[in-house]
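Tertiary structure, described
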Amino acid sequence: MTKYASKILEIINNSSSHLTAEQIFMILKQNNSKVVLATVYNNLNYLLSKGYISTITVDNKAIHYDKVIKHDHLICKNCKRITDVQVKDITESLKEQLNVDILDYQISIDYICPECQKLIKS
């Protein structure tokens, strides 16, 4: 693993946010002024291919990078904020219904976050 891949993995694993490549680039650039955005994308692709990180796509366009710890997401349809949630594991239920082994799944639930609900009601 390259030094940039290692640093990017550290940034993602230590973040409480779901960062885009551009946000990761800006964080990495603070201490590595010579890094370029292409390096970030190349290392993100490497980390994804090895299963070290995962992605979340918002509105079929914005890709956010995330830890591989099993969890699901609430995505606000208004502000696009992503919130981690723990949904009961449904692997066994899916396996029984479909009669196939389930390798992995991701659940993204659309909603309006409390902050946006307040703005809408105002």
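Just so it is clear, the structure is predicted and the values come from calculations on it, not from any experiment.

Rules used throughout
Residues numbered from 1 in each chain as written. Predicted model: local features only at pLDDT ≥ 70, side-chain atom pairs only at ≥ 80, totals over all residues. Heavy atoms only, no water. Patch = residues over 30% accessible without salt bridge, like charges linked within 9 Å, V, L, I, M, F, W, Y side chains within 5 Å. Areas by Shrake-Rupley, 256 points an atom, 1.4 Å probe, with all protein chains shown as cover. Salt bridge = Lys/Arg side-chain N within 4 Å of Asp/Glu carboxyl O. Helix = DSSP H or I, 4+ residues; strand = E, 2+ residues; numbered from the N terminus. Expected span 1.5 Å × (residues − 1). Buried < 20%, exposed > 50% of the residue type's maximum accessible area, 1.4 Å probe, protein only. Arc of directions from axis to C-beta. Pairing = 2+ DSSP bridges. Axes fitted to C-alpha atoms, helices over the stretch in contact; angles between N-to-C directions. Left-handed = near helix turned anticlockwise from the far one by under 90°. Contact = heavy atoms within 4.5 Å. pLDDT = per-residue confidence, 0-100.

Together, Met1, Tyr46 and Tyr52 make up an exposed nonpolar region whose accessible area comes to about 290 Å². Relative to the elements of secondary structure, Tyr52 occurs in the loop between helix H3 (37-49) and strand S1 (54-58).

A few words now on helix H1 (residues 3-14). Taking 1.5 Å as the rise per residue, H1 with 12 residues should run 16 Å; its terminal C-alpha atoms sit 16 Å apart, in good agreement. Restricting attention to buried positions, one finds in H1 the residues Tyr4, Ala5, Ile8, Leu9, Ile11 and Ile12. Take H1 and look down its axis: the buried residues cluster within an arc of 160°, on one side only. Opposite the buried face of H1, at more than 90 degrees from it, the exposed residues are Lys3 and Asn14.

Taken together, three strands build an open sheet; the order of strands is S4-S3-S5 and the sheet is mixed. A strand with exactly one partner marks an edge of an open sheet, and here the two such strands are strand S4 (82-85) and strand S5 (108-111). Between one strand axis and the next, the sheet turns by 25° as a mean value, whatever way the strands run. Relative to S5, strand S3 (residues 72-76) is paired through four bridges, and the arrangement is parallel. Looking at the pairing, Leu74 lines up with Ile109 of S5.

Running from N to C, helix H2 (residues 21-31) and H3 cross one another at 115°; their axes reach a closest spacing of 9 Å. Relative to H3, H2 is oriented so that their crossing is right-handed. Residues Ala21, Glu22, Ile24, Phe25 and Leu28 of H2 form the contact with H3, whose own contacting residues are Leu37, Val40, Tyr41 and Leu44.

For the rest of this paragraph, the subject is the side chain of Asn43. Its place among the elements puts Asn43 in helix H3. Ignoring any residue separated from it by four or fewer positions in sequence, one finds Asn43 in contact with Thr2, Tyr4, Ala5 and Ile8.

Looking at the protein as a whole, its pLDDT mean stands at 92, while 100% of the residues score no less than 70. Averaged pLDDT values for the elements of the protein fall to 90 in helix H4 (residues 91-98) and rise to 97 in H3.

Attention now moves to the pattern of salt bridges. All chains considered together, the criterion is met by seven salt bridges. Its salt-bridge partner being Asp59, residue Lys80 comes within 2.8 Å of it at the nearest N-O pair. Of the two residues, Lys80 is situated in the loop between S3 and S4 and Asp59 in the loop between S1 and strand S2 (62-66); the sequence distance between them amounts to 21 residues. With a closest N to O distance of 3.2 Å, Asp101 and Lys95 form a salt bridge. Using a relative accessible area of 35% as the deciding quantity, one classes Lys95 as partly exposed. One connected set of salt bridges, linked through shared partners, spans Asp59, Lys77, Lys80 and Asp110.

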